[in-house]
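The primary structure of each chain is shown beneath.
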Amino acid sequence: MRRRLPAAALALGIVLALLAAAPALAAGYRYWSFWDGAADGRWTYATQGPALARPADGSVQGFRFAVSKDAATEAAKPRAAADFEAVCGATAPAEGRKRVALVIDFGVQADAPTGEVVPQEAPRTACAQVAPEATTAEALAAVAKPLRYNSAALLCAISDYPRHGCGEQIAETGAAQASAEPSGSAPGGGGPSAGLLVGIAAVAALAAAAVWQSRRRNR
């Protein structure tokens, strides 16, 4: 029985280390997600940021502010259909310009940062008429200023909403964690977490104790 104790202690140490290294459970991020509209009115999670996307004439682009997972299957979509005619049908084509329909969904009050109020409950739509080579970001700036970006070019605010914050990680309790951006932007420092270091130290200490006890019995 005594011979099994060091091994059991070591196994327990490994479990504790893994638990310590595990990240805190998170409900997701509070951020503006970016969407491409399809011909059938559905939304597809964009594969590149608005500063890089160059939509063609007749395109529909959507934005949704929400607390949601940073994943195409789990992120909150705009609550209005991707309908180009509904947004730009009344805007006549112009020579040397393209029309891009924009759907801007400010989300619900429950997802708003503390102390801020959602500008409007229903999604806002606008038809941007811009140069043929314009990006989605330029089209958005033409109809929904002011915009705010962070140093990693992550879109933080549309029409000055929200006034503060940018891609905060939100715990399951609803509290914001230290700023951690969705994968579409440059993340922060990538060093090992404090929990991982503590766990490794615990395993090392238990392993040393097990070796010492084993040598003591063999004397």
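For the structure, check the block above.
Just so we're clear, the structure is a prediction, and the values are computed from it rather than from any experiment.

(A) Representation of the overall build of the protein. Regarding its fold elements, the protein presents four helices and nine strands. Along its sequence from the N terminus, the protein presents helices and strands in the succession α-β-β-β-α-β-β-α-β-β-β-β-α. The burial tally for the protein puts 36% of its 219 residues in the buried class. Contacts in the protein between residues far apart in sequence, at least 24 positions, make up 65% of those at least 6 positions apart. Carbon and sulfur atoms make up 57% of the accessible area of the protein, which totals about 12,600 Å².

(B) Structural detail: the state of the cysteines. Summed over all chains, the structure comprises two disulfides. Between the sulfur atoms of C88 and its disulfide partner C127 the distance amounts to 2.1 Å. Where C88 bonds to C127 through sulfur, the torsion about that S-S bond is close to 110°, and the disulfide is right-handed. Of this pair, C88 sits in helix α2 (residues 84-88) while C127 sits in strand β5 (residues 124-130), placing them 39 residues apart in sequence. The class for C88 is buried, based on a relative accessible area of 0%. The disulfide that involves C156 links it to C166, with 2.0 Å between the sulfurs. Judged by the sign of its S-S torsion, about -75°, the cystine formed by C156 and C166 is left-handed. Placement of the pair is C156 in strand β7 (residues 155-157) and C166 in the loop between β7 and β8 (168-171), with a sequence separation of 10 residues. Cysteine pairing in the protein follows 1-2, 3-4, where each cysteine in a disulfide is numbered by its order in the sequence.

Quick notes on the rules
Residues numbered from 1 in each chain as written. Predicted model: local features only at pLDDT ≥ 70, side-chain atom pairs only at ≥ 80, totals over all residues. Heavy atoms only, no water. Helix = DSSP H or I, 4+ residues; strand = E, 2+ residues; numbered from the N terminus. Buried < 20%, exposed > 50% of the residue type's maximum accessible area, 1.4 Å probe, protein only. Contact = heavy atoms within 4.5 Å. Areas by Shrake-Rupley, 256 points an atom, 1.4 Å probe, with all protein chains shown as cover. Disulfide = S-S within 2.5 Å.

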